[in-house]
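Residue-level structural notes
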Amino acid sequence: MNPLTYMRFKDALKEIGNMGSGKASAALSRLTGKTVMLDAPNIHITSLARITRYISAPKKLIVGIFSPVDDHISGAMITAMPVESAVNLSNLVSKKKNKVLKTKDKETLLKIGQLLIKSYLQEMAHFLKLKVRHSRPKLISAFGSSIPGLMASNIKNKEVILLKIRFNIPTTEIKGDFILLLGTDNLDNLVSAIKDKLK
Amino acid sequence: MILLIDDSGFARAMIRKRLEAAGFQDFIEADNGKKALRLFKKHNPRLVLLDIVLGPPITGLDTLRQIMELDKDAKVMIVSVMEQKNIIARAKKLGAVCFVPKSGDLNDLIKAVKVALR
């Protein structure tokens, strides 16, 4: 790819990330009754070994709802948030005032995460006219620095595309990231789908 | 003349190509709110397509508000990924004529543009 094409590809991927997270944030907004704000997307095409630096809060305990992604594109998606945000989100949705995550709260978070991942990936797949399948999500709890390793289990390449969009719900202390990690073996399919949109 | 405001060159190109294929022509483009306001003042376009998720220096909603202050009869359509009801409601209250999801069927966008330009 020449530099201009590379920049356009990154711009297109950002926009596709915006579409996915726009849909996911609308689902979260309906669920919570609150406005959900999104930051500008961050995209990095880098080596798997270097992605930890792009993950927020590496030293903090993170709760993530994680799902491998397969079919026309393969990789993994996670909705990750600091544990305090996860508690606040669970409380907001279930109208509770818990201080820690209990079993029921984890089930609630898993359902929320499932909805967000599904909304994000369906929108992306629909827009790009690609088949994107995701497995049943799992709830994970780990330090931020461990998240890339967990996500990388479904990645075949050493080079990856990391697309991260931060969300927050003002006035609630809830914030987190939608993170999509794809191996660069997906480049051909992505470039071809993006080109089709510009025909 | 139609003013396209979107910070993504990809999105602008995609929307413009589809509208041009449908017979619309004479476009001007802005990748931020400041440039958009300058172009709006200079050209007074018949229609503005605005992405509400706009990076600095001016947000999409502020760009809309300032366009409506410049011309209370301006026709501004929101073409965005932001589908949250309260944000769309805020945009309509500021004067936007309609909302079209950016990732949706672009034929809906063409129909909406035809209606807005009637």
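Residues numbered from 1 in each chain as written. Chains lettered and ligands numbered in written order. Predicted model: local features only at pLDDT ≥ 70, side-chain atom pairs only at ≥ 80, totals over all residues.

Some remarks on the overall build of chain A
Keep this limit in mind: Where helices and strands are cited, they refer to DSSP runs of H or I of at least four residues and of E of at least two residues respectively, numbered from the N terminus. Once C-beta atoms are placed from the backbone, any two residues with those atoms within 7 Å are in contact.
For chain A, the count of helices and strands is 5 helices and 8 strands. The order of α-helices and β-strands along chain A, N terminus first, is α-β-β-β-β-α-α-β-β-α-β-β-α. The C-alpha extent of chain A, read off along each of the three principal axes, is 55 × 30 × 25 Å. Taking contacts inside chain A between residues at least 6 apart in sequence as the whole, the part at least 24 apart equals 72%.

A word on the overall build of chain B
Here is the rule: Residues with at least 20 other C-beta atoms within 10 Å of their own are called buried, those with 12 or fewer are called exposed, and the rest are partly exposed. The C-beta atoms themselves are positioned from the backbone.
Counting its secondary structure elements, chain B contains 5 helices and 5 strands. For chain B, the sequential pattern of α-helices and β-strands runs β-α-β-α-β-α-β-α-β-α. Here chain B, with 118 residues, has 40% of them falling under the buried criterion. Considering only contacts in chain B between residues 6 or more positions apart, those separated by 24 or more positions represent 64%.

A few points about the pairing of strand S7 (residues 159-169) of chain A
All names here are of chain A. To keep things clear, this is the line we draw: What makes two strands pair is DSSP finding at least two bridges between them.
Of all the 11 residues making up S7, 8 are buried; the element is thus mostly covered by neighbouring parts of the structure. Across 2 bridges, the pairing between strand S1 (residues 37-38) and S7 is antiparallel. Opposite Met37, over in S7, you have Asn168 as the bridge partner. Examined bridge by bridge, strand S2 (residues 42-47) and S7 share 6 bridges and lie antiparallel to one another. Residue pairing for S7: Ser47 is matched across the bridge by Glu159. In this sheet, strand S8 (residues 174-183) lies alongside S7 in antiparallel orientation, the contact comprising 10 bridges. Considered in S8, the bridge of Phe167 is made with Gly176. Counting the residues that bridge the hairpin from S7 to S8 gives 4 residues, and of these Thr171 lies at a positive phi of roughly 70 degrees.

Things to note about the packing of helix H2 (residues 83-94) of chain A against helix H3 (residues 103-128) of chain A
All names here are of chain A. For clarity, the cut-off: Lines fitted to C-alpha atoms define the axes, with helix axes restricted to the stretch in contact, and inter-axis angles between N-to-C directions lie between 0 and 180 degrees. Working rule for angles: under 35 degrees goes down as roughly parallel, over 145 as roughly antiparallel, 65 to 115 as roughly perpendicular, anything else as oblique.
With their axes 9 Å apart at the nearest point, H2 and H3 run at an angle of 90 degrees to one another. With respect to each other, H2 and H3 are oriented roughly perpendicular. Facing H2, whose interface residues are Ala86, Leu89, Ser90, Val93 and Ser94, H3 presents Asp105, Thr108, Leu109 and Ile112.

Some remarks on the packing of helix H1 (residues 9-21) of chain B against helix H5 (residues 106-117) of chain B
Residues and elements named next belong to chain B. Quick reminder of the rule: When the near helix sits turned anticlockwise from the far one by under a right angle, the crossing is termed left-handed; a clockwise turn instead gives a right-handed crossing. Classification used: nonpolar for Ala, Val, Leu, Ile, Met, Phe, Trp, Tyr, Cys and Pro, charged for Asp, Glu, Lys and Arg, polar for all others including Gly.
Between H1 and H5, the least distance of the axes is 10 Å, while the angle of their chain directions is 65 degrees. H1 and H5 meet at a crossing whose hand is right-handed. On the side of H1, the interface is formed by Ile15, Arg18 and Leu19, while H5 contributes Leu106, Leu109, Ile110 and Val113. Split into classes, the residues belonging to the contact of H1 with H5 amount to 6 nonpolar, no polar and 1 charged.

Some remarks on the confidence of the model for chain B
Just so we agree on the cut-off: Residue-level confidence of the predictor is summarised by pLDDT, bounded by 0 at the bottom and 100 at the top.
Chain-level statistics for chain B give a pLDDT mean of 94 and a share of 100% at 70 or above. Under the prediction, the complex receives an ipTM of 0.89, its pTM being 0.91.

What about the sheet that holds strand S3 (residues 47-50) of chain B?
Residue and element names in this part refer to chain B. Taken in spatial order, the 5 strands make up an open sheet running S2-S1-S3-S4-S5, and their pairing is parallel. With one partner strand each, in any of the chains shown, strand S2 (27-30) and strand S5 (98-101) form the two edges of the open sheet. Here the average twist between neighbouring strands, direction ignored, is 20 degrees. Note that S3 and strand S4 (residues 76-80) share 3 bridges and pair parallel. Residue pairing across strands places Leu49 opposite Met77, the latter belonging to S4. The strands that helix H2 (residues 33-43) touches are strand S1 (2-5), S2 and S3; relative to S2, the one it contacts most, it runs at about 150 degrees. Across the face of the sheet, H5 comes into contact with S3, S4 and S5 while running at roughly 160 degrees to S5.

Let's talk about the interface of chain B and chain A
At the junction of the two partners, chain B supplies 17 residues and chain A supplies 20 residues. Looking at the side of chain B that touches chain A, the elements with two or more residues in it are H1 and helix H4 (85-94) of chain B. With 6 residues, the top contributor of residues to the side of chain B that touches chain A is H1(B). Classifying every residue of the side of chain B that touches chain A gives 8 nonpolar, 6 polar and 3 charged.

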